[in-house]
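Okay, here's what each chain looks like letter by letter:
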Amino acid sequence: MAINVLIVDDSKVMRAMIKKTMEMSGLLLGEIRQAANGKEGIEALKEDWIDLAIVDINMPVMNGEEMIDSMREDPDLKDIPIIVVSTEGSKTRIENLEQKGVRFIHKPFSPEIIRDTVNDILRTGEGDEGAA
Ligand SMILES: [Mg+2]
């Protein structure tokens, strides 16, 4: 099944890089949508069927953590799997994110890392206990 992906990052260059890495991963991809901040990301999620959201942390207008909290409060969006992709180095901040049921990948990342993480999420079902 082809997966529709939303890439949310304030850097256009980074969005292009994430898109390219995903295309190199061997994952069967459907539509790839892009958004420049959390607010645009939420709007995109409401407009189109998205199977997976790749979300940056540091963004203007609405950052990644705010976007994730907003998704979790929305019955239509709360079950969409999320991978946070960031240069974030704070272990505490990463653990806080993982407690929200999201996966974390350091950027830049390899096609293999994104492939394995996506396959793992789709196999186990995002939000399952012990997902970290
Ligand atoms: Mg950023």
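Structure's up top.
We now turn to the structure provided with this report. (Residues numbered from 1 in each chain as written. Predicted model: local features only at pLDDT ≥ 70, side-chain atom pairs only at ≥ 80, totals over all residues.)

**A closer look at the pairing of strand β1 (residues 3-8)**
Note on strand geometry: in a regular strand, side chains alternate between the two faces of the sheet.
Thought 1: When β1 meets strand β2 (residues 29-35), the two strands line up parallel, connected through 5 bridges. Of the residues in β2, the one forming a bridge with Val5 is Ile32.
Thought 2: In the classification by handedness, the crossover that spans β1, the intervening helix α1 (residues 12-24) and the parallel β2 is right-handed.
Thought 3: One ladder, built from 4 bridges, connects β1 with strand β3 (residues 52-55); its direction is parallel. Paired with Val8 across the bridge in β3 is Val55. (Pairing = 2+ DSSP bridges. Helix = DSSP H or I, 4+ residues; strand = E, 2+ residues; numbered from the N terminus. Right-handed = clockwise from strand over helix to strand, strands pointing away.)

**A few points about the packing of helix α2 (residues 38-47) against helix α3 (residues 64-72)**
Thought 1: At their nearest, the axes of α2 and α3 sit 9 Å apart, and the two run at 30° to each other. Taken together, the axes of α2 and α3 lie roughly parallel to each other. Our pair here, α2 against α3, has a crossing hand that is right-handed. Here Gly38, Gly41 and Ile42 of α2 come into contact with α3, specifically with Gly64, Glu66, Met67 and Ser70.
Thought 2: For the contact of α2 with α3, the class distribution of residues is 2 nonpolar, 4 polar and 1 charged. (Axes fitted to C-alpha atoms, helices over the stretch in contact; angles between N-to-C directions. Parallel < 35°, antiparallel > 145°, perpendicular 65-115°, else oblique. Left-handed = near helix turned anticlockwise from the far one by under 90°. Contact = placed C-beta atoms within 7 Å. Nonpolar A, V, L, I, M, F, W, Y, C, P; charged D, E, K, R; others polar.)

**Comments concerning the nonpolar core**
Thought 1: The biggest cluster of nonpolar side chains holds 27 residues, and the ones touching the most others in it are Leu6, Val8, Ala53, Ile54, Val55 and Val84.
Thought 2: Going through the elements one at a time, β1, α1, α2, β3, α3, β4 (82-86) and α5 (111-124) are the ones with two or more residues in this core. (Core = buried A, V, L, I, M, F, W, Y, C linked by C-beta atoms within 7 Å. Buried ≥ 20, exposed ≤ 12 C-beta atoms within 10 Å, placed from the backbone.)

**Topic: unusual backbone geometry**
Thought 1: The peptide bond linking Lys107 to Pro108 adopts the cis configuration, its omega dihedral lying at 0°.
Thought 2: Look at Val61: it is not a glycine, yet its phi comes out positive at around 70°.
Thought 3: Take Val61: it is sitting in the loop between β3 and α3.
Thought 4: Since 13 C-beta atoms lie within 10 Å of it, Val61 is described here as partly exposed.

**A short note on α1**
Thought 1: In this model α1 runs 18 Å from its N-terminal to its C-terminal C-alpha over 13 residues, within 8% of the 18 Å that 1.5 Å per residue would give.
Thought 2: Regarding α1, the residues found buried are Ile18, Thr21 and Met22. Buried residues of α1, viewed axially, fall in a sector of 100°; they line one side. Exposed positions of α1 whose direction lies more than 90 degrees from the buried face are Lys12, Val13, Lys20 and Glu23.
Thought 3: Trailing α1 by a residue or two, Gly26 shows a phi angle of about 90°, which is positive. (Expected span 1.5 Å × (residues − 1). Arc of directions from axis to C-beta.)

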